[in-house]
Amino acid sequence: MARLSDETAQWIVLMGFIVSFSLFFLAIMLNQSTVVGQTTAEAVSEFPKEDIRGVRNVVIQSMFIDQEGNFNNRSHVQSEIKNISLARQNAVVYFSDPVYDANGTFAYYFIHYNNGVSAYNETWTFP
């Protein structure tokens, strides 16, 4: 082999360090992007969209149950909704009593759903 001067050897070693660090940096970036994609996909799959829709529909239907009479149907049904959602879905469901405006017409209804991973809040107004 031909003789290498000190400057040529230094350039070879320097280029080796640059290539090594750049490969190391790219490996870290690739690893982090995989982790971010995985956690994002898990968060989307853990959101209980159908459970929330089901509870929401039942809560809205319970609002229109007749409150007259000695049985207090609405309050019994609403307490059962809370108990069943806690027992079957491990979710805490809270909903307010219907709020009426000054004219006595329905104004809005607050619904809260939380299963420990996902929380959902909605203020539902009657059309």
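Residues numbered from 1 in each chain as written. Predicted model: local features only at pLDDT ≥ 70, side-chain atom pairs only at ≥ 80, totals over all residues. Heavy atoms only, no water.

Draft legend 1. Spotlight on the overall build of the protein. In terms of regular secondary structure, the protein is built from 3 helices and 4 strands. Each helix (α) and strand (β) of the protein, taken in turn from the N terminus, gives the series α-α-α-β-β-β-β. Sorting the 127 residues of the protein into buried and exposed places 18% on the buried side. When contacts within the protein are restricted to residue pairs at least 6 apart in sequence, long-range pairs at least 24 apart make up 35% of them. Carbon and sulfur atoms make up 60% of the accessible area of the protein, which totals about 9800 Å². (Helix = DSSP H or I, 4+ residues; strand = E, 2+ residues; numbered from the N terminus. Buried < 20%, exposed > 50% of the residue type's maximum accessible area, 1.4 Å probe, protein only. Contact = heavy atoms within 4.5 Å. Areas by Shrake-Rupley, 256 points an atom, 1.4 Å probe, with all protein chains shown as cover.)

Draft legend 2. A look at the packing of aromatic side chains. For the coordinates displayed, the defined rule picks out 3 aromatic pairs. Their ring planes at 20° and their centres at 6.4 Å tell us that phenylalanine 17 and phenylalanine 21 sit as a pair that is stacked. With phenylalanine 17 and phenylalanine 21 both in helix 1 (residues 6-46), this residue pair falls 4 residues apart, about one helical turn. Seen in terms of ring centroids, phenylalanine 95 and tyrosine 109 are 6.3 Å apart; in terms of plane orientation they differ by 35°. Their pairing is tilted. With a gap of 14 residues between them, phenylalanine 95 in strand 1 (residues 92-95) and tyrosine 109 in strand 3 (residues 106-114) connect regions that are remote in the sequence. Taking relative accessible area as the criterion, phenylalanine 95 reaches 4% and is therefore assigned buried. Take tyrosine 109: its relative accessible area is 0%, and that puts it in the buried class. (Phe/Tyr/Trp six-rings, centres within 6.5 Å; stacked < 30°, edge-to-face > 60°.)

Draft legend 3. Structural detail: helix 3 (residues 73-89). For helix 3, spanning 17 residues, the distance from its first C-alpha to its last is 23 Å, which sits close to the expected 24 Å at 1.5 Å a residue. The complete set of buried residues in helix 3 reads Arg74, Gln78, Ile81 and Ser85. One side of helix 3 carries all its buried residues, which in axial view fall inside an arc of 50°. The outward face of helix 3, more than 90 degrees from its buried face, is lined by the exposed residues His76 and Ala87. Those residues of helix 3 that are buried are in contact with helix 2 (49-63), strand 1 and strand 3. (Expected span 1.5 Å × (residues − 1). Arc of directions from axis to C-beta.)

Draft legend 4. Spotlight on the pattern of salt bridges. By the definition in use, this model includes 2 salt bridges. Across the pair glutamate 50 and arginine 53 runs a salt bridge whose closest N-O atoms are separated by 3.1 Å. In this pair, glutamate 50 and arginine 53 are both assigned in helix 2, 3 residues apart and thus about one turn of the helix distant. Among the salt bridges present, the one from arginine 56 reaches glutamate 122, with a minimum N-O distance of 2.7 Å. Linking arginine 56 in helix 2 with glutamate 122 in strand 4 (residues 119-124), this pair joins segments that are 66 residues apart in sequence. Take arginine 56: its relative accessible area is 24%, and that puts it in the partly exposed class. (Salt bridge = Lys/Arg side-chain N within 4 Å of Asp/Glu carboxyl O.)

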